[in-house]
Amino acid sequence: MRSNIFALILVCFGLTASAQKKGGAGTSYLKSVKPQTDLKINFTWGDTFKIPNHYVSLALVGSPNKGVVEIFNREMKAFVLKRHEGKYKTPAVTTVSLDMLPAATTSEVFVTLKGRSFWVYSNWEKESAVERIYAREFDFEHLAFSEQKVLIQFQDKISASEKPFLNTDPRITFTQMDGYKARKYQFALSQDTTRFTIKYTLKSNAADGDKLPETFGLSIFDENLQAVKGGTYTMPYARELMQIVDYQLGPDDEPCFLVKVFDSPQSTPSVEGKQHFEVLRFSGDNRKPNILQIPCEGKSMMSMGIYKNINKEIVCAGIYSQQERGLEEGIYLAKLDLKENVFRSYRKGSYRFPSEQTGANKVVRNPSATKANVKQPESVKTIVHLKDLWFHANGSMTITAEEQAITETLISGKKGKPESERIYHFRNIVMITIDSAGSMTGFKKILKSQSGNEKPGEMSFDLIRSGNDPVLFYMDNPKNVKLRSNQAPAHFTDGAGGIIVCLDIDSSGKETKKILFDSKLKKQMVFPTRFFHLSQTRIMGVAFKEGTETCFFVEIN
């Protein structure tokens with residue numbers, strides 16, 4: 001298990017990969033693989049920086065015009081600010097004391113609104129029993145923070161949320177480990193970076209609180225962090241019968257929540273009976289929502305997401321399954337008709353996947369997955385979760401999803417007492433392309449197999465676009481460099497080190513795989529899901545090694 005000190009790390013964690021044994025499988029080939037540079041993908045190393053003692057990397061903030069500043073934190077007592085690039089030819093480093101902060105301050109997020117970056121943090125004042133959320137703007141030129149501004153103040157008890165919304169933008173930087181730990185607040189940023197929202201759930205003092213409807217607060221701010229709308233809202237279902245999946249802001253900043261509704265109480269999040277999806281639209285000053293059933297045409301939905309297209313219309317997308325097999329079968333699209341206040345099929349509605357591509361691949365047992373405490377990839381039942389939906393200027397769409405699962409294993413804990421250990425599994429990536437005429441023009445399944453104790457850690461993937469072409473970044477086992485489509489991918493274990501893969505998929509479906517570098521050979525830790533997006537075609541990553549870090553840049557021409 002990783003040290004608790006890294007629970008504050010956002011972008012990446014300062015761990016050192018274990019030394020590689022000489023002569024390992026696939027090593028001889030990878031030693032001849034160098035970071036490749038051509039007219040399509042450019043990879044360059046940046047500067048190396050020694051991390052100050054007792055500091056941890058907290059966040060990366062910036063913009064294409066202002067460059068990137070990395071913020072290191074020491075127990076909320078001081079920040080070290082390091083500029084990676086910008087108008088300054090040599091990196092600037094400065095230290096900012098945090099003595100002016102109240103006691104018991106928690107760093108929440110860094111968010112960029114229309115090119116301006118803000119630090120959002122919270123504080124619980126025990127004597128007066130008041131909770132406040134503050135914000136300070138970050139000054140890139142002087143590497144300093146502005147005076148603090150109170151965003152929200154309340155005396156109600158706040159309940160920790162299980163996970164944040166799924167539609168959080170890369171320009172939101174979580175300052176606790178990977179954003180999946182229990183948190184008091186949930187933050188989201190609109191795609192055009194003009195709206196920033198803070199959601200918090202109010203605790204119920206009742207003993208049977210799960211049997212009562214969930215009441216929560218929602219505050220919406222503009223690009224200047226001025227309050228636009230907010231209030232307290234009550235859901236129409238008991239907590240045990242409903243799960244908030246995602247949300248978007250409709251016209252006039254109306255909150256539209258995508259919820260999963262269960263037919264019977266759920267004893268644990270992993271136990272799901274019959275269910276369906278709805279959108280709860282809070283229009284005007286009404287604190288009770290309009291309940292909009294999504295017409296899924298009798299399909300069993302595995303996962304859904306809610307998005308806003310380039311015309312600012314609310315669109316829901318969902319992966320549906322073959323009920324008798326529990327495998328992905330196709331995707332369904334629906335659009336909110338604002339005049340009639342109902343959902344209707346979007347484009348052609350249902351899109352069935354090619355039969356030869358659906359479901360788990362028939363694979364042989366992988367030698368790399370036979371070690372103790374590592375499950376065989378084929379023995380894990382995964383669910384396809386929607387990742388993102390891109391609306392392109394030419395009217396086409398790119399939809400990405402990933403096969404995921406959580407398994408629990410009993411291990412020997414303190415004094416031999418059994419403890420439950422969660423293993424997170426991230427497997428194949430599914431990519432669907434739909435053109436402006438509404439026809440499905442592409443379906444790809446990118447094979448991978450990852451698992452580990454953290455979520456996502458080095459696992460899952462990041463995505464940028466080159467025009468309309470998607471480019472994927474993920475960690476992989478070196479044995480998969482020459483993986484063929486009919487082969488099972490060798491298993492990758494989080495923390496073991498591996499190759500950084502850049503996979504470009506053009507409009508014809510042709511794949512071009514680039515190996516940026518081998519983190520295990522360099523004894524470095526890299527987290528592709530925490531790359532910083534400098535622009536649509538340029539990203540920045542950070543590699544850690546024994547108390548130092550080296551930044552690198554990937555540019556898609």
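Read on for a plain summary of the structure. Being a predicted model, the structure only gives us computed values, none of them experimental.

1. Focus: unusual backbone geometry
Next up, step 1: A positive phi is found at Met76, a non-glycine position, where the angle reads about 55°.
Next up, step 2: In this structure, Met76 sits in the loop between strand 3 (67-74) and strand 4 (78-83).
Next up, step 3: For Asp253, which is not glycine, the phi dihedral falls at a positive 60°.
Next up, step 4: One can find Asp253 in the loop between strand 17 (242-249) and strand 18 (255-262).

2. Let's talk about the pattern of salt bridges
Next up, step 1: Considering all chains together, one arrives at 16 salt bridges under this definition.
Next up, step 2: Note that Glu511 and Lys444 form a salt bridge whose closest N and O atoms lie 3.0 Å from each other. Of this pair, Glu511 sits in strand 34 (residues 511-518) while Lys444 sits in strand 28 (residues 440-446), placing them 67 residues apart in sequence.
Next up, step 3: A residue is classified by how much of its surface remains accessible, and Lys444, at 23% relative accessible area, is partly exposed.
Next up, step 4: Bridged by salt links that share partners, the residues Lys387, Glu402 and Lys448 form one connected network.

3. Focus on the side chain of Asp222
Next up, step 1: Note that Asp222 resides in the loop between strand 15 (213-221) and strand 16 (227-238).
Next up, step 2: Within the local environment of Asp222, its side chain forms a polar contact with the backbone nitrogen of Asn224, the two atoms lying 2.9 Å apart.
Next up, step 3: Those residues in contact with Asp222, other than ones at most four positions away along the chain, are Leu113, Thr194, Arg195 and Val228.

4. Notes on the sheet that holds strand 5 (residues 93-97)
Next up, step 1: The strand order across the open sheet built from four strands is 2-3-4-5, with neighbouring strands paired in antiparallel fashion. Of all the strands in the sheet, the pair left with one neighbour each is strand 2 (56-63) and strand 5. Adjacent strand axes in the sheet meet at a mean angle of 25° when their direction is disregarded.
Next up, step 2: When strand 4 meets strand 5, the two strands line up antiparallel, connected through five bridges. Note that in strand 5 the partner of Lys82 across the bridge is Val93.

5. Considerations on the nonpolar core
Nonpolar side chains in soluble globular proteins tend to end up buried together.
Next up, step 1: Counting 21 residues, the largest nonpolar core has Ile331, Leu333, Leu386, Leu389 and Ile399 as its most contacted members.
Next up, step 2: Per element, the largest residue contribution to this core is four residues, and it comes from strand 25 (residues 383-391).
Next up, step 3: The contacts of Leu389, once residues within four sequence positions are left out, are Tyr307, Ala317, Leu333, Met397, Thr398 and Ile399.

6. Regarding the packing of aromatic side chains
In this description, a pair of aromatic rings is defined by centroid distance and the angle of the planes.
Next up, step 1: Tallying each qualifying case throughout the model produces 28 aromatic pairs.
Next up, step 2: Considering the side-chain rings of Phe473 and Phe531, the 5.7 Å spacing of their centres and the 75° angle between planes classify their relative orientation as edge-to-face. Placement of the pair is Phe473 in strand 31 (residues 469-476) and Phe531 in the loop between strand 34 and strand 35 (532-533), with a sequence separation of 58 residues.
Next up, step 3: An aromatic cluster of at least three residues, connected via ring pairs, comprises Phe79, Phe110, Trp119, Tyr121, Tyr134, Phe138, Phe140 and Phe145.
Next up, step 4: Positioned above the aromatic ring of Tyr320 is the side chain of Lys299, whose terminal nitrogen or guanidinium carbon lies 5.1 Å from the ring centre.
Next up, step 5: Above the plane of the ring of Phe461 lies Lys387, whose end atom (NZ or CZ) is 4.8 Å from the centre.

7. A word on the sheet that holds strand 1 (residues 41-50)
Next up, step 1: Taking strand neighbours across the sheet as the criterion, the four strands line up as 1-37-36-35 in an open arrangement whose pairing is antiparallel. The sheet is open, and its two edges are formed by strand 1 and strand 35, each paired on a single side.
Next up, step 2: Where strand 35 lies against strand 36 (residues 538-545), two bridges are found, and the strand directions are antiparallel. Looking at the pairing, His533 lines up with Ile539 of strand 36.

Rules of the game
Residues numbered from 1 in each chain as written. Predicted model: local features only at pLDDT ≥ 70, side-chain atom pairs only at ≥ 80, totals over all residues. Heavy atoms only, no water. Helix = DSSP H or I, 4+ residues; strand = E, 2+ residues; numbered from the N terminus. Salt bridge = Lys/Arg side-chain N within 4 Å of Asp/Glu carboxyl O. Buried < 20%, exposed > 50% of the residue type's maximum accessible area, 1.4 Å probe, protein only. Polar contact = N/O pair within 3.5 Å; in protein donor to acceptor, adjacent residues only side chain to side chain. Contact = heavy atoms within 4.5 Å. Pairing = 2+ DSSP bridges. Axes fitted to C-alpha atoms, helices over the stretch in contact; angles between N-to-C directions. Core = buried A, V, L, I, M, F, W, Y, C linked by side-chain atoms within 4.5 Å. Phe/Tyr/Trp six-rings, centres within 6.5 Å; stacked < 30°, edge-to-face > 60°. Lys NZ or Arg CZ within 6 Å of the ring centre and 35° of its normal.

From the geometry alone we can't say anything about function, so treat these as descriptive.
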